[in-house]
Amino acid sequence: TLAEGGHMPGEGAEFLLGEVTDTISRVRTEQGLLTYLNCLKALGSASHLRCLKAITRLRLQSELYSLTSPGGPYYAPRSVRSAALEVLDALFPMGRRSRRLVRLVFRVLHPAEILGVVFFVLLLPVRVWSWASRKALAALGGVVMAALRLCGLLWLFGWHEAGGKAGQGQARQQSGTAQGGHVAWQ
């Protein structure tokens, strides 16, 4: 019992997670952070998390939130950011939807994102026009190339003489050769 010098329920989890929170804030390698985060994710189903003091819970959440942000102070890589978000979802499932919604709102309202959206919207007609003009020019070029190939084939098979096969008999009679290739005597 506590009166006899015993320990409070969850006191070990309190100490452990407090130390892990301090350690995570000092780790600077991606692999080290991923290892700690994977181990924390495994604690998601532990009942000791309910016994934590509010300050320890807030310190852990704060540290995990700072790892999910793409900028400073840590500039965590994408793998660490997504792993930290998964740990938050595993350890604190009650706030999952609101975390995702707040994250989405802040990503959309970030000044760099707003500029990108504005430029995308302003340049969309230009992009559509250039895409359409490229497609139209490609189609026109395809038609011209097909016509040139057809003319080349006709030239190759001898259709260029006197208007095609129908005119070949007339051309031969005028030149003095018969249908079989013999010279006709007049």
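Above: the structure in question.
Structure report, in brief. (Residues numbered from 1 in each chain as written. Predicted model: local features only at pLDDT ≥ 70, side-chain atom pairs only at ≥ 80, totals over all residues. Heavy atoms only, no water.)

### Focus on the pattern of salt bridges
- Enumeration over the complete set of coordinates arrives at five salt bridges.
- Ionic pairing is found between Arg100 and Asp89, a salt bridge with its closest N-O pair at 2.4 Å. Of this pair, Arg100 sits in helix α5 (residues 96-109) while Asp89 sits in helix α4 (residues 78-91), and the two are 11 residues apart along the sequence.
- The exposure class assigned to Arg100 is partly exposed, which follows from its relative accessible area of 36%.
- Connected via shared salt-bridge partners are Asp89, Arg96, Arg99 and Arg100. (Salt bridge = Lys/Arg side-chain N within 4 Å of Asp/Glu carboxyl O. Helix = DSSP H or I, 4+ residues; strand = E, 2+ residues; numbered from the N terminus. Buried < 20%, exposed > 50% of the residue type's maximum accessible area, 1.4 Å probe, protein only.)

### Details of the packing of helix α1 (residues 11-26) against helix α3 (residues 54-68)
- For the pair α1 and α3, the least separation of the axes is 10 Å and the interaxial angle reads 25°. In this view, α1 runs roughly parallel relative to α3, as classed from their interaxial angle. Read as a crossing pair, α1 and α3 show a hand that is left-handed. Counted together, Glu14, Leu17, Gly18, Thr21, Asp22, Ile24 and Ser25 of α1 and Thr56, Arg59, Leu60, Glu63 and Leu67 of α3 form the full contact between these two elements.
- Its residues assigned to classes, the contact of α1 with α3 shows four nonpolar, four polar and four charged. (Axes fitted to C-alpha atoms, helices over the stretch in contact; angles between N-to-C directions. Parallel < 35°, antiparallel > 145°, perpendicular 65-115°, else oblique. Left-handed = near helix turned anticlockwise from the far one by under 90°. Contact = heavy atoms within 4.5 Å. Nonpolar A, V, L, I, M, F, W, Y, C, P; charged D, E, K, R; others polar.)

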